[in-house]
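# Secondary and tertiary structure notes
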Amino acid sequence: MKKIFFILSDIFIGAYLVMAMTSWNEAKPPTPRCNKVTIQVADENANGFLTQKEIQRLLKKHNIYPLGQSLTVADPRKIEEELKRMPFVNKAQCSISQDGHAIIVITQRTPLVRIKNARNEDYYIDDNGGIMPNSQYISNILIATGNISKQYATKYVSVIARYLMQDELWSKEIEQINITDRLDIELVPRNADHVVNIGRLPRFNKTISPNKRNEAINKFLKHQLSRLELFYRYVPQTLNDAAPKDTTDSINSLYDYINLEYNNQIICQRRTSL
């Protein structure tokens, strides 16, 4: 009986060793890897700064670009956190499917106006009134110069710029805002050789809410720019026959400074060359 037991034990042990050695020799299935990366940048063709190549370059710099990485190593959360550190990124989402396809979706902050003030500061204000650092990228947007602190830029210049850029006429006509030392608002037309002073913003109580303040600024701008539009439309008709017939050329030929500061009059400064 004992002999039979030992024989059976030897058989079982031998079978186990054969199976174990066979399983050790079998090739393990390959670890799944990321084989495709899709990067989507919202408004890439608008005034934003970010491109697919820039996102790719940043992720490669930090060794977290997922293409070719094992799915156990590629970390969507880490990719999102790194992208959100970029000053031009508003939102970032990343997901990687089981078949190795990584999808990265970026919503960028949109620059509204570039500030180049008298203190030699150079930065952007985005469409939410936030400050964005200067960039190596070129974007054809409105420029604001002069006596502009960062507080004035976020509270007031951003509202002025948004009003201008959302208006069908003035978004095409105005290319620069200048704030004088006495806080007069000067506008520089894109295709003209004169400057327009629309006066100073109303004074605001410190306790006024941002919404009420913005409403008051927009009301002021609407009133002053309506006066400017009427001036552009009708003044050339009163100019002498020697003046060019085109509205802008007519005004340019006679005036280099138009002042709308006072409600009951428009003061025009004649060109010194006349």
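Look up a bit, the structure's there.
The rules behind each value
- Numbering of residues starts from 1 in each chain and follows the order in which that chain's sequence is written.
- Given that this is a predicted model, residues contribute local features only at a pLDDT of at least 70 and side-chain atom pairs are listed and counted only at 80 or more, while totals for whole chains, interfaces and linings are drawn from all residues.
- Think of the side-chain values as coming from all heavy atoms in the structure, minus any hydrogens and water.
- Helix and strand assignments follow DSSP, with helices taken as H or I runs no shorter than four residues and strands as E runs no shorter than two, numbered in order from the N terminus.
- Residue burial is assigned from relative accessible area. The probe radius is 1.4 Å, only protein chains are included, and a residue is buried under 20% of its type maximum, exposed over 50%, and partly exposed in between.
- Any pair of residues with heavy atoms lying within 4.5 Å of one another is described as a contacting pair.
- Method for areas: the Shrake-Rupley scheme with a 1.4 Å probe, in which residue coverage is limited to the protein chains shown.
- Should DSSP find at least two bridges between two strands, the strands are taken to pair.
- Each axis is a line fitted through C-alpha atoms, taken for helices only over the stretch in contact, and angles between the N-to-C directions span 0 to 180 degrees.
- Definition of a polar contact: a pair of N or O atoms within 3.5 Å, with one able to donate and the other able to accept a hydrogen when the atoms are protein atoms, and with sequence-neighbouring residues admitted only if both atoms are side-chain atoms.
- Each salt bridge in this description consists of a side-chain nitrogen of Lys or Arg and a carboxyl oxygen of Asp or Glu lying within 4 Å of one another.
- Joining through side-chain atoms within 4.5 Å is the link that ties buried Ala, Val, Leu, Ile, Met, Phe, Trp, Tyr and Cys residues into a set, and such a set is a nonpolar core.
- Angular relationships are summarised with four words: roughly parallel below 35 degrees, roughly antiparallel beyond 145, roughly perpendicular across 65 to 115, and oblique for the angles in between.
- With the far helix as reference, a near helix turned anticlockwise by less than a right angle produces a left-handed crossing, and one turned clockwise produces a right-handed crossing.
- The nonpolar class holds Ala, Val, Leu, Ile, Met, Phe, Trp, Tyr, Cys and Pro. Asp, Glu, Lys and Arg form the charged class, and all remaining residues, Gly among them, are polar.
- What counts as a ring pair is set by centres within 6.5 Å for rings of Phe, Tyr and Trp (its six-membered ring), and what kind of pair is set by the plane angle: stacked under 30 degrees, edge-to-face over 60, tilted for all other angles.
- A ring has a charge above it when a Lys NZ or an Arg CZ is no more than 6 Å from the ring centre and no more than 35 degrees off the ring normal.

## Side note on the overall build of the protein
- When helices and strands are tallied, the protein shows seven helices and 12 strands.
- Per-residue burial over the protein gives 39% buried out of 274 residues.
- Contacts in the protein between residues far apart in sequence, at least 24 positions, make up 53% of those at least 6 positions apart.
- Carbon and sulfur atoms make up 51% of the accessible area of the protein, which totals about 17,300 Å².

## Regarding the sheet that holds strand E6 (residues 131–133)
- Sheet architecture is open: nine strands sit in the order E6-E5-E4-E7-E8-E9-E10-E11-E12, paired in mixed fashion. At either end of the open sheet lies a strand with only one pairing partner, and these are E6 and strand E12 (267–270). With direction set aside, neighbouring strand axes in the sheet form an average angle of 25°.
- Sheet strands touched by helix H4 (residues 150–166): strand E4 (111–117), strand E5 (122–126), E6, strand E7 (142–146), strand E8 (174–179) and strand E9 (185–189). Its angle to E4, the strand with the most contacts, is close to 130°.

## Re the side chain of Ser70
- By the secondary structure assignment, Ser70 is in the loop between helix H2 (52–61) and helix H3 (76–84).
- Within the structure, the side chain of Ser70 is placed 2.7 Å from the side chain of Thr72, a separation counted as a polar contact.
- Apart from residues lying up to four places away in sequence, Ser70 is in contact with Thr31, Pro32 and Arg33.

## Points about the pattern of salt bridges
- All told, the structure shown has 10 salt bridges when counted by the stated rule.
- Residue Arg182 pairs with Asp184 through a salt bridge whose shortest N-O separation is 2.4 Å.
- Look at Arg182 and you get partly exposed, because its relative accessible area is 42%.
- Linked through salt bridges whose partners overlap, the residues forming this network are Arg182, Asp184, Arg200 and Glu261.

## Thoughts on the nonpolar core
- Core analysis: the largest hydrophobic core is formed by 38 residues, its most contacted members being Ile115, Leu164, Ile177, Ile185 and Leu187.
- It is H4 that contributes the most residues to this core, nine residues altogether.
- Residue contacts for Leu164: discarding those within four places in its chain leaves Leu142, Trp170, Ser171, Ile174, Ile177, Leu187 and Leu225.
- Counting residues in each nonpolar core, the second largest holds 24 residues, with Val37, Met86, Val89 and Ile106 among its members.

## Quick word on the packing of H2 against H3
- With their axes 11 Å apart at the nearest point, H2 and H3 run at an angle of 115° to one another. It follows that H2 is roughly perpendicular to H3 by the angle criterion. The crossing of H2 and H3 is right-handed. For the pair formed by H2 and H3, the contact residues are Ile55, Leu58 and Leu59 on the first element and Ile79, Glu82 and Leu83 on the second.
- Looking at the contact of H2 with H3 residue by residue, the classes come out as five nonpolar, no polar and one charged.

## Focus: the environment of Arg203
- Along the chain, Arg203 falls in the loop between strand E10 (195–197) and helix H6 (210–234).
- For the pair Arg203 and Ala216, spaced 13 residues apart in the sequence, the C-alpha separation amounts to 9.8 Å.

## Things to note about the packing of H4 against H6
- Viewed as axis vectors pointing N to C, H4 and H6 meet at an angle of 50°, and their least axial separation amounts to 10 Å. Judged by the inter-axis angle, H4 sits oblique to H6. At the point where H4 passes H6, the crossing takes the right-handed sense. Only Arg213, Asn214, Ile217, Asn218, Leu221, Lys222 and Leu225 of H6 make contact with H4, whose side of the interface consists of Lys155, Tyr156, Val159, Ile160, Tyr163 and Leu164.
- For the contact of H4 with H6, the per-class residue count stands at eight nonpolar, two polar and three charged.

## Focus on the packing of aromatic side chains
- For the structure on display, the rule yields four aromatic pairs.
- Ring geometry for Tyr156 against Phe204: centres 6.1 Å apart, planes inclined by 10°, an arrangement best described as stacked. In this pair, Tyr156 sits in helix H4 while Phe204 sits in the loop between E10 and H6, placing the two residues 48 residues apart along the sequence.
- On the basis of relative accessible area, Tyr156 is assigned to the buried category, the value being 18%.
- A relative accessible area of 21% means that Phe204 is categorised as partly exposed.
- An aromatic cluster of three or more residues is present, and its members are Tyr152, Tyr156 and Phe204.
- The aromatic ring of Tyr123 is capped on one face by Lys150, whose charged end is 5.4 Å from the ring centroid.

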